Amino acid sequence: MDAETALRELCAGWERLDAAGVAALFAPDGVYEGPLFESFPVGPDAVLAACTAAFADLAEVRIPLRHVGVGGDVAMGEGTFAYATPAGERAEFPLVMVAEVRDGLLVRFTEYFDTAAVG
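The model shown is predicted, which means the values in this text are computed figures rather than measured ones.

A. Seen up close, the side chain of Thr80. By the element assignment, Thr80 lies in strand β4 (residues 74-84). Given a relative accessible area of 14%, Thr80 falls into the buried group. Of note is the side chain of Thr80, whose polar atom sits 2.8 Å from the side chain of Arg66. In this structure Thr80 touches Arg62, Ile63, Pro64, Arg66, Glu92, Phe93 and Pro94, once residues within four positions along its chain are discounted.

B. How the structure looks around the pattern of salt bridges. Considering all chains together, one arrives at six salt bridges under this definition. Among the ionic pairs, Arg8 bridges to Glu4, the shortest N-O distance being 3.0 Å. Here the residue Arg8 and the residue Glu4 both occupy positions in helix α1 (residues 3-16), the gap between them amounting to four residues, near one helical turn. Arg8 gets classed as partly exposed once you look at its relative accessible area, which sits at 40%. Since its relative accessible area comes to 29%, Glu4 is described here as partly exposed. Note that Glu100 is salt-bridged to Arg108, the shortest N-O span being 3.3 Å. Given a relative accessible area of 28%, Glu100 falls into the partly exposed group.

C. Structural detail: the environment of Gly104. Here Gly104 shows up in the loop between β5 (90-102) and β6 (105-112). Relative accessible area serves as the criterion here: at 22%, Gly104 is assigned to the partly exposed category. On a C-alpha basis, the gap between Gly104 and Ala3 in space is 8.0 Å, while along the polypeptide they are 101 residues apart.

So, how was this worked out
Within each chain, residue numbers correspond to sequence positions counted from 1 in written order. This being a predicted model, a pLDDT of at least 70 is required before a residue's local features are given, and a value of 80 or more before pairs of side-chain atoms are given or counted; all residues contribute to the totals for chains, interfaces and linings. Each side-chain value is derived from all of the structure's non-hydrogen atoms; neither hydrogens nor water enter the calculation. In DSSP terms, a helix is any run of H or I states spanning at least four residues, a strand is any run of E spanning at least two, and both are numbered starting from the N terminus. Relative accessibility thresholds used throughout: buried, under 20% of the residue-type maximum; exposed, over 50%; partly exposed, between the two (1.4 Å probe, protein chains only). By the criterion applied in these results, polar contacts are pairs of N or O atoms within 3.5 Å in which, for protein atoms, one can donate a hydrogen and the other can accept it, and in which residues neighboring in sequence qualify only through two side-chain atoms. Here, two residues are considered to be in contact whenever any of their heavy atoms come within 4.5 Å of each other. Salt bridge, as used here: a side-chain nitrogen of Lys or Arg that lies within 4 Å of a carboxyl oxygen of Asp or Glu.

Structure below.
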C-alpha cells in the first residue's frame, strides 16, 4: 500500500466506523498521532483500542478530501471532518492529515485540527 492509499483507506475506515479496519493499516511500530487521544497509540492493538473508544461517541462520519499531495512514502490530505453523535448532534471542522508508510503499512499517521471545534 502506498501513502496515498493508506491516507484514503484510513479516512474510509473512519467513515465506516471500522476500528479493526483502521488498525490493520498500521505497522507494529506505527503511531497514530491524534490530538484527542490521551496518549498516541502505537501498533495495531493500541490503535484498535483507541479507535473503538472514539467510535463509541460517533454515529456517522464523513471526511471529504479537497487536496491530496504525495511525495515518496508520505501523503498529506486536506479536508473536512463531519460527524454526528448518537444523540443526533452534528458538527464539522477543517482537518489536515499526514500519512507515512513503510513496507506497505502506516508507520505514522498524524491529524492536525483545532480541538476547540470538537464538541
